[in-house]
Amino acid sequence: MRATVIHGAGDVRVEDVADPVLAEPTDAIVRVSLTCICGSDLWPYKGMEQDGAGSRIGHEFVGIVEETGSEVGGLRAGDLVVSPFTWSDGHCTYCREQLQTSCVNGGLWGSPGSDGAQGEAVRVPHAEGTLVRLPVEPDSELLPGLLTLADVLPTGHHAAVSAGVRPGGTATVVGDGAVGLCGVLAANRLGAERIIVMGRHTDRTNLAREFGATDVVPERGDEAVERVRELTGGEGTHSVLECVGTGDSLRTALRLAREGGRVGYVGVPQEGDGVDVREMFMRNVGVSGGVCPARAYIPQLLPDVLYGKLDPGRVFDQRTGLDGVPDGYRDMADRKALKVLVDPS
């Protein structure tokens with residue numbers, strides 16, 4: 001079969017790889033219907049050292065079950081499913097606590113020894129604990145929106161929950177990427193009265209307004225903090241969703257919070273210095289978040305996508321087949337595309 005392989009910074013190729021096969025009785029084989037390129041895929045695309053053998057990449061997919069192991073219950077060939085960006089067994093201590101990203105038998109798509117999602121098929125370990133059946137036809141127009149359940153929509157929701165977004169409250173979203181835009185959707189869904197999005201790309205911030213943002217702040221650093229305080233009567237916001245992952249963005253997020261506010265951070269930490277906990281202490285600013293347990297949130301968010309309350313599929317602004325994946329990476333790295341949808345068929 002064909003799949004995306006990354007060999008180093010700027011070096012993404014579509015290659016022939018071995019077809020996936022069942023290795024354990026808890027496995028399933030899923031034929032990928034839709035996958036996509038994630039903003040977090042750009043970190044290795046920009047900085048990975050050259051690797052002749054290469055690594056599979058991609059962690060978001062919906063697809064059709066082709067085969068299941070003898071111990072897989074609740075799934076059968078022909079089922080349309082979505083997978084979170086990690087697999088999990090569904091029964092360890094952490095899974096029972098809805099923290100599937102810490103599953104003792106779990107892992108991340110594209111990690112050594114696993115399949116990446118940007119290909120024609122995937123072997124899914126612990127399929128019963130990982131996959132969620134989708135009650136739509138394989139050609140449903142909802143598939144792009146349902147694909148966001150794999151990562152960006154739950155991650156935006158995790159930021160909002162971690163930041164304590166509540167009805168009538170105020171929220172600021174730091175970042176206008178796909179996760180940030182889903183953070184706007186989530187904050188609106190949870191009832192925030194005022195939602196400020198920080199971003200400089202008009203096409204993205206226009207979409208943020210359609211998703212529920214009430215204000216746009218293009219400034220950064222000190223100017224951004226000053227502007228948000230102007231918009232909030234000098235206080236800052238109750239909730240801040242940090243959806244970028246740099247030291248600068250997290251420090252800015254902490255300064256945007258009002259006294260007693262909370263910051264939910266979901267941007268994958270990549271660069272920059274740490275934060276001053278003394279400032280947080282004196283202002284009673286709480287920080288929560290981290291890697292999103294998407295498997296826990298999918299059942300909560302699925303009905304809103306199915307019945308049209310949320311339309312997160314609009315974050316995809318470009319569509320391609322597998323052959324176009326290298327160009328998709330370049331376009332996202334150059335900010336010519338927000339999020340690229342990939343149809344491997």
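Since the structure is predicted, the reported quantities are computational estimates derived from the model, not experimental observations. (Residues numbered from 1 in each chain as written. Predicted model: local features only at pLDDT ≥ 70, side-chain atom pairs only at ≥ 80, totals over all residues. Heavy atoms only, no water.)

J.: What exactly am I supposed to notice about the pairing of strand β17 (residues 318-321) here?
T.: Where a strand is regular, its side chains alternate between the two sheet faces. For β17 and strand β18 (residues 340-343), the ladder comprises four bridges, and the chain directions are parallel. Bridged to Gln 318 within β18 is Val 340. In this fold, β17 hands off to helix α12 (residues 325-333), which returns the chain to β18; that crossover is right-handed. (Pairing = 2+ DSSP bridges. Helix = DSSP H or I, 4+ residues; strand = E, 2+ residues; numbered from the N terminus. Right-handed = clockwise from strand over helix to strand, strands pointing away.)

J.: Would you mind going over the sheet that holds strand β4 (residues 55-56) with me for this structure?
T.: Strands pair in a sheet through their backbones, by hydrogen bonds, and they do so in one of two ways: parallel or antiparallel. Ordered in space as β2-β1-β4, the three strands form an open sheet in which the pairing is antiparallel. Each edge of the open sheet carries a strand with a single partner, namely β2 (11-16) and β4. Here α12 sits on the sheet in contact with β1 (2-8) and β2, set at roughly 160° to β2. (Contact = heavy atoms within 4.5 Å. Axes fitted to C-alpha atoms, helices over the stretch in contact; angles between N-to-C directions.)

J.: Any chance you could explain the pattern of salt bridges here in plain terms?
T.: Any two side chains of opposite charge can pair if their charged atoms end up close together. Tallying each qualifying case throughout the model produces 19 salt bridges. Note that Asp 222 is salt-bridged to Arg 255, the shortest N-O span being 2.8 Å. Taken as a pair, Asp 222 in helix α8 (residues 221-231) and Arg 255 in helix α9 (residues 247-256) lie far apart in primary sequence, 33 residues in all. Using a relative accessible area of 30% as the deciding quantity, one classes Arg 255 as partly exposed. Several salt bridges converge on common partners, so that one network encompasses Asp 11, Arg 13 and Glu 15. (Salt bridge = Lys/Arg side-chain N within 4 Å of Asp/Glu carboxyl O. Buried < 20%, exposed > 50% of the residue type's maximum accessible area, 1.4 Å probe, protein only.)

J.: Hey, could you run me through a positive patch on the surface in this one?
T.: On the surface, a cluster of positive charge is made up of Lys 46, Arg 200, Arg 220 and Arg 335. Positionally, Lys 46 belongs in helix α1 (residues 42-47). Look at Lys 46 and you get exposed, because its relative accessible area is 53%. (Patch = residues over 30% accessible without salt bridge, like charges linked within 9 Å, V, L, I, M, F, W, Y side chains within 5 Å. Areas by Shrake-Rupley, 256 points an atom, 1.4 Å probe, with all protein chains shown as cover. Lys, Arg positive; Asp, Glu negative; His and termini not counted. Charge placed at Lys NZ, Arg CZ, Asp CG, Glu CD.)

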